[in-house]
Amino acid sequence: MGLFSRKSSNAEPARDERMAELGRDYAIARRHRDTRAMNRIMREIGTDKSVTDLNDFRAGQESYDSIPPIPRKRRK
C-alpha cells in the first residue's frame, strides 16, 4: 500500500531444498560414474513428482555442473 514498499512483486516461488540436494547428489554420482547411486536417486524421485520439483532437481544438478572438474596430473 505504501509508496516506498520494500516488497518485491516478482517473488520467487519456494524451492524444495530436498529436491535440489538430490539433484546435486545425482550430478556428483554422474561425475564419478557411480551408477548405483544414480539409480538409487532416480528410484527415490520416481515419476509422480510435479514439474516444480523436477525444476528444483535440475537446478541442483546445474549448480554442481557449473563447477569445473579439477584437472588431474597424468599418471606415468
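Reading guide: rules and limits
- Numbering of residues starts from 1 in every chain and runs along the sequence as written.
- Thresholds applied to this predicted model are a pLDDT of at least 70 for local features of residues and 80 or more for the giving and counting of side-chain atom pairs; totals over whole chains, interfaces and linings are not thresholded and use all residues.
- Calculation of side-chain values draws on the structure's entire complement of heavy atoms; hydrogens and water are dropped beforehand.
- In DSSP terms, a helix is any run of H or I states spanning at least four residues, a strand is any run of E spanning at least two, and both are numbered starting from the N terminus.
- Three labels apply to residues, based on accessible area from a 1.4 Å probe with only protein chains included: buried if under 20% of the type maximum, exposed if over 50%, partly exposed otherwise in between.
- Residues are treated as being in contact if the distance between any of their heavy atoms lies within 4.5 Å.
- Areas reported here follow the Shrake-Rupley algorithm with a probe of radius 1.4 Å; residue values treat only the protein chains shown as occluding.
- Throughout, nonpolar core names a set of buried Ala, Val, Leu, Ile, Met, Phe, Trp, Tyr and Cys residues whose side chains join them through atoms within 4.5 Å.
- Aromatic pairs are defined between Phe, Tyr and Trp rings, using the six-membered ring for Trp, whenever the two ring centres lie within 6.5 Å; interplanar angles under 30 degrees are classed as stacked, those over 60 as edge-to-face, and all others as tilted.
- Helix axes are fitted only over the stretch in contact, all axes being lines through C-alpha atoms; the angle between N-to-C directions runs from 0 to 180 degrees.
- Roughly parallel here means an angle under 35 degrees, roughly antiparallel means over 145, roughly perpendicular means 65 to 115, and every remaining angle is called oblique.
- Should the near helix be turned counterclockwise from the far one by less than a right angle, the crossing is left-handed, whereas a clockwise turn marks it as right-handed.
- Three classes are used, and their members are as follows: Ala, Val, Leu, Ile, Met, Phe, Trp, Tyr, Cys and Pro are nonpolar, Asp, Glu, Lys and Arg are charged, and the others, Gly among them, are polar.

A.B. asks: Tell me about the overall build of the protein chain, residues and numbers included.
C.D. replies: On a plain count of helices and strands, the protein chain comes out with three helices and zero strands. Shown N-terminal to C-terminal, the secondary structure of the protein chain runs as helices and strands in the order α-α-α. When each of the 76 residues of the protein chain is scored for burial, the buried share is 22%. Across the protein chain, contacts joining residues at least 24 apart in sequence account for 70% of those joining residues at least 6 apart. Accessible area for the protein chain stands at about 7,000 Å²; split by element, carbon and sulfur atoms hold 51% of it.

A.B. asks: Let's hear about the nonpolar core: which residues, and what values?
C.D. replies: Among soluble globular proteins, nonpolar side chains are generally buried collectively. Core analysis: the largest hydrophobic core is formed by nine residues, namely Met 19, Leu 22, Tyr 26, Ala 29, Ala 37, Met 38, Ile 41, Ile 45 and Phe 57. Counting residues per element, the ones that place at least two in this core are helix H1 (17-31) and helix H2 (35-45).

A.B. asks: Could you give me a rundown of the packing of aromatic side chains, with the residues and numbers involved?
C.D. replies: The full count for this structure, using the stated rule, is one aromatic pair. Residues Tyr 26 and Phe 57 carry aromatic rings whose centres are separated by 5.8 Å and whose planes lie at 55° to one another, so their mutual orientation is tilted. Taken as a pair, Tyr 26 in helix H1 and Phe 57 in helix H3 (residues 51-65) lie far apart in primary sequence, 31 residues in all. This pair shows no difference in class: Tyr 26 is buried, exactly as Phe 57 is.

A.B. asks: Now, about the packing of H1 against H3: what can you tell me, with residues and values included?
C.D. replies: Viewed as axis vectors pointing N to C, H1 and H3 meet at an angle of 45°, and their least axial separation amounts to 7 Å. By the angle between their axes, H1 is oblique relative to H3. When you trace H1 past H3, the crossing you get is right-handed. On H3, the residues touching Met 19, Ala 20, Leu 22, Gly 23, Arg 24, Tyr 26, Ala 27, Ile 28, Arg 30 and Arg 31 of H1 are Asp 53, Asp 56, Phe 57, Gly 60, Gln 61, Ser 63, Tyr 64 and Asp 65. Residues that form the contact of H1 with H3 fall into these classes: eight nonpolar, four polar and six charged.

A.B. asks: Explain the side chain of Gln 61 to me, using residue names and the numbers behind them.
C.D. replies: Positionally, Gln 61 belongs in helix H3. For Gln 61, the residues in contact, after removing those within four places along its chain, are Gly 23, Arg 24, Tyr 26, Ala 27 and Arg 30.

A.B. asks: Mind laying out the environment of Ala 29, listing which residues take part and the relevant values?
C.D. replies: Residue placement: Ala 29 occurs in helix H1. According to the relative accessible area criterion, Ala 29 is buried, its value standing at 6%. Residues Ala 29 and Ile 41 lie 12 residues apart in sequence; the distance between their C-alpha atoms is 9.4 Å.

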